[in-house]
Amino acid sequence: MAERERTATLDRTTGETSIIVSLTLDGAGDVAVRTGIGMFDHMLHALALHAGWDLTLTCEGDLNVDDHHSIEDTGLVLGQALADAIGPDRADIVRFGSAYAPLDEALARAVADVSGRPHFSGSLHLKRDRVGSLSCEMVPHFFRSLAQTAGLTLHIDVIRGVNDHHRIEASFKALALALRSALATTDDQSDIRSTKGVL
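Undergrad: It is not clear to me how the overall build of the protein should be interpreted in this structure. Could you clarify?
TA: When helices and strands are tallied, the protein shows four helices and 10 strands. Overall, the protein shows an N-to-C arrangement of helices and strands of β-β-β-α-β-α-β-β-β-β-β-α-β-α. The C-alpha radius of gyration of the protein comes to 16 Å, within 12% of the 16 Å expected for a compact globule of 199 residues. Dimensions of the protein along its principal axes, counting C-alpha atoms only, are 45 × 40 × 30 Å. The contacts in the protein between residues at least 6 apart in sequence include a share of 78% that link residues at least 24 apart.

Undergrad: Help me out: how do you make sense of the packing of helix H1 (residues 38-51) against helix H2 (residues 68-86) in this one?
TA: Two packed helices can be described by the angle between their axes and the distance between those axes. Viewed as axis vectors pointing N to C, H1 and H2 meet at an angle of 20°, and their least axial separation amounts to 12 Å. Of the possible angle classes, the one that applies to H1 and H2 is roughly parallel. Crossing hand, H1 versus H2: right-handed. Judged by residue contacts, Phe40, Leu44 and Leu47 of H1 engage Ser70, Ile71, Thr74 and Leu78 from H2. Residues of the contact of H1 with H2, tallied by class, amount to five nonpolar, two polar and no charged.

Undergrad: Please explain the environment of Leu126 as it appears in this structure.
TA: Residue position: Leu126 is located in the loop between strand S7 (119-123) and strand S8 (130-131). Between the C-alpha atoms of Leu126 and Asp164, which are 38 residues apart in sequence, the distance is 5.8 Å.

Undergrad: Explain the side chain of Thr74 to me, please; I cannot follow it from the model alone.
TA: Looking at the secondary structure, you find Thr74 in helix H2. Sequence-distant contacts of Thr74, defined by excluding residues within four places in its chain, comprise Ile19, Thr35, Phe40, Leu44, Leu57, Cys59, His69 and Phe142.

Undergrad: Whenever I open this one, the sheet that holds strand S3 (residues 31-34) confuses me. Can you help?
TA: Backbone hydrogen bonds hold the strands of a sheet together, and the pairing may be parallel or antiparallel. Taken in spatial order, the four strands make up an open sheet running S1-S2-S4-S3, and their pairing is mixed. Among the strands making up the open sheet, the edge pair consists of strand S1 (7-13) and S3. On average, adjacent strands in this sheet sit at an angle of 5° to one another, irrespective of strand direction. The sheet contact formed by S3 and strand S4 (residues 54-61) spans four bridges and is parallel. Bridge pairing links Val33 to Leu57 in S4.

What counts, and where the lines are drawn
- Residues numbered from 1 in each chain as written.
- Predicted model: local features only at pLDDT ≥ 70, side-chain atom pairs only at ≥ 80, totals over all residues.
- Heavy atoms only, no water.
- Helix = DSSP H or I, 4+ residues; strand = E, 2+ residues; numbered from the N terminus.
- Rg over C-alpha atoms; globule rule 2.2 N^0.38 Å.
- Contact = heavy atoms within 4.5 Å.
- Axes fitted to C-alpha atoms, helices over the stretch in contact; angles between N-to-C directions.
- Parallel < 35°, antiparallel > 145°, perpendicular 65-115°, else oblique.
- Left-handed = near helix turned anticlockwise from the far one by under 90°.
- Nonpolar A, V, L, I, M, F, W, Y, C, P; charged D, E, K, R; others polar.
- Pairing = 2+ DSSP bridges.

Written as structure tokens, this is what we have:
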């Protein structure tokens with residue numbers, strides 16, 4: 001457990017979305033999410049729960065257009081909250097994390113570096129256009145948006161799977177477990193895990 005409380009609250013309104021996020025990294029898995037996109041809410045709940053976060057998030061978006069702005073902006077705002085909760089120097093974290101997560105026939109792998117350098121690569125092999133009201137093309141877009149503002153390097157791949165619901169959920173759970181490892185605090189609060197001496 002970090003000496004300081006690793007929390008952040010953000011409120012962001014644009015012409016397309018209005019998002020409020022409250023995040024505690026060292027939480028108990030208390031999660032309340034409402035975006036108007038049922039499958040996306042389910043995935044955000046899984047992400048926070050398995051990462052060990054407390055998360056309250058609401059998004060009022062232009063779903064009369066489609067789900068793009070709501071999912072993209074949620075990724076951007078949640079990523080910024082994550083960066084704020086981590087802190088600017090990122091000195092007290094393990095930094096690297098990796099995990100596998102299965103869901104029935106699906107298996108996903110996530111590798112995370114909380115480096116301050118945003119990048120997402122991944123192959124989810126999704127076949128359907130939508131799962132519920134969630135556009136499948138928006139799943140990697142969410143991961144990219146999250147990585148962008150959180151300053152994460154993320155590699156997320158579905159190794160096998162048939163059902164797209166299972167593929168997506170395994171991906172979110174693998175990411176959660178990888179971030180849980182990467183964001184774990186070290187004993188030495190002055191420790192910077194980089195050959196440069198700074199992240």
